[in-house]
Amino acid sequence: MKKLEYRFILSAEVLKAQQAGSPLVALESVVITHGLPRPQNLSLAKDMETMVRTEGATPATIAMLDGMVHVGLSEERLTRLANEDNTRKISLRDFGIASARHLSGGTTVAATTHIAEKAGIRVFATGGIGGVHRGSPFDISADLTELGRTKMIVVCAGAKAILDLPATLETLETLGVPVIGYQTEDFPAFYSLSSGLKVDASVDTPAEIGRIALAHWDHGFNTSILVVVPPPEEVAIPNEQIERAIQEALHDAGEKGIHGAAATPYLLSRVSQLSGGESLKTNLALLLNNAKVAAQIARSLNLKRKLDVLL
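Quick caveat, the model's predicted, so the values are computed rather than measured.

### Considering the overall build of the protein
- Counting its regular elements, the protein contains 12 helices and 16 strands.
- Structurally, the protein occupies a C-alpha span of about 55 × 45 × 35 Å along its principal axes.
- Here the protein displays about 13,600 Å² of accessible surface, and carbon together with sulfur accounts for 51% of that area.
- In the protein, which carries 30 positive and 34 negative side-chain charges, the distance between the mean positions of the two groups comes to 8 Å.

### With respect to helix α11 (residues 263–274)
- Here α11 spans 16 Å end to end across 12 residues, near enough to the 16 Å set by a 1.5 Å rise per residue.
- What α11 keeps buried is the set Ala263, Thr264, Tyr266, Leu267, Leu268, Val271 and Ser272.
- Taken from the residues just after α11, Gly276 is the one with a positive phi, measuring 65°.

### Considerations on the packing of helix α3 (residues 40–54) against helix α4 (residues 75–83)
- Axis separation between α3 and α4 bottoms out at 9 Å; the angle between their running directions is 145°. Seen from above, α3 lies across α4 with right-handed handedness. On α4, the residues touching Asn41, Leu42, Ala45, Lys46 and Glu49 of α3 are Glu75, Leu78, Thr79, Ala82 and Asn83.
- Of the residues contributing to the contact of α3 with α4, the split by class is four nonpolar, three polar and three charged.

### Focus: unusual backbone geometry
- Here the bond from Arg38 into Pro39 is cis, since omega is 5°, no more than 30 degrees from zero.
- Backbone geometry at Asp66 places phi at a positive 55°, although glycine is not the residue there.
- Inspection of the secondary structure puts Asp66 in the loop between β4 (58–65) and β5 (68–71).
- Asp66 gets classed as partly exposed once you look at its relative accessible area, which sits at 41%.
- Residues other than glycine seldom take positive phi values, yet Phe190 does so here, at roughly 65°.
- Within the element layout of this structure, Phe190 appears in the loop between β13 (186–189) and β14 (192–198).
- Among the residues examined, Phe190 registers a relative accessible area of 2% and is labelled buried.

### Here's the deal with the nonpolar core
- Counting 97 residues, the largest nonpolar core has Val25, Val71, Ile129, Ile153, Leu172, Leu226 and Val227 as the members making the most contacts within it.
- Considering every element that reaches this core, the biggest residue donor is helix α12 (residues 278–310), with 10 residues.
- Setting aside anything within four residues of it in sequence, one finds Ile129 in contact with Val109, Asp143, Leu144, Leu147, Val154, Cys156, Gly158, Ala159, Lys160, Leu163, Leu172 and Leu226.

### With respect to the pairing of strand β16 (residues 225–228)
- Neither face of β16 is open: one carries Ile225 and Val227, the other Leu226 and Val228, and all of them are buried.
- Where strand β11 (residues 153–156) and β16 come together, four bridges link them in parallel fashion. Bridge pairing in β16 places Val154 opposite Leu226.
- With three bridges joining them, strand β12 (residues 179–182) and β16 adopt parallel strand pairing. Each bridged residue has a counterpart across the sheet, and for Ile180 the counterpart in β16 is Val227.

### Points about the pairing of β14
- Relative to β14, β13 is paired through three bridges, and the arrangement is antiparallel. Within β14, the position partnered with Phe187 by the bridge is Leu197.
- Between β13 and the antiparallel strand that follows it, β14, lie two residues; Phe190 among them carries a positive phi value of about 65°.

What counts, and where the lines are drawn
Residues numbered from 1 in each chain as written. Predicted model: local features only at pLDDT ≥ 70, side-chain atom pairs only at ≥ 80, totals over all residues. Heavy atoms only, no water. Helix = DSSP H or I, 4+ residues; strand = E, 2+ residues; numbered from the N terminus. Areas by Shrake-Rupley, 256 points an atom, 1.4 Å probe, with all protein chains shown as cover. Lys, Arg positive; Asp, Glu negative; His and termini not counted. Charge placed at Lys NZ, Arg CZ, Asp CG, Glu CD. Expected span 1.5 Å × (residues − 1). Buried < 20%, exposed > 50% of the residue type's maximum accessible area, 1.4 Å probe, protein only. Axes fitted to C-alpha atoms, helices over the stretch in contact; angles between N-to-C directions. Left-handed = near helix turned anticlockwise from the far one by under 90°. Contact = heavy atoms within 4.5 Å. Nonpolar A, V, L, I, M, F, W, Y, C, P; charged D, E, K, R; others polar. Core = buried A, V, L, I, M, F, W, Y, C linked by side-chain atoms within 4.5 Å. Pairing = 2+ DSSP bridges.

As structure tokens, then:
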């Protein structure tokens, strides 16, 4: 392991990829610590890493262990993270607290994006980003603000369906974050193929995404590119069906006074219960699919950079 000035540790696999100039894909870890039940959390984490490798890139799962940020986890550390109790959900505000107290936890989209950029990684795969909460227009995820100031290609299935999707898209527009549909003209609704909202542009290949990202950054913008990928059609849930579960879950959360950082994990778990496990199946499938697309983008972006150097 190599310790860098910015207080994080690169795994041997990530360090080797960086030294070789190979494509890298960042993966978040809050899905492991707070998003999925055991043992699915560890199985999914391993499957996502395997998918990235299969597509010709190196996975860099980002997490915090004992107050230190890790970029890339060994199998032993990944297993420890997935099975450790009392982990903290690490967003931007939590780094100092967790470091000073030597805590362990999973990094959110915002936190992972922040660290990935510091580590020189330009592509990140996740399930769904945070956004503006329904009925709480001032409850806005730090994911959005970080996307508005960090150069990253973030591959996801849209924002989590429990959120206010129109308001989330409006906020992304305000922050200057282009929303690119991968083989779709519609903004996915996480579990569902379409939210009925449109993206800023639709592309058909990973190479197109790389060209858009590089052109965007060449114009001096320091914002992310949000690439939205619909969930695999065979596991997608119709909007009307999942919306009933979401509404009931929101009602239950309100009755129990659950809000803030605890709201999203509770709502996702409750929706899974109410859907008879269908939403969990969709979640697992879209995470793997997003990892696949992200690896293809990273490989294409890496190839373009090498060609530009040669030319």
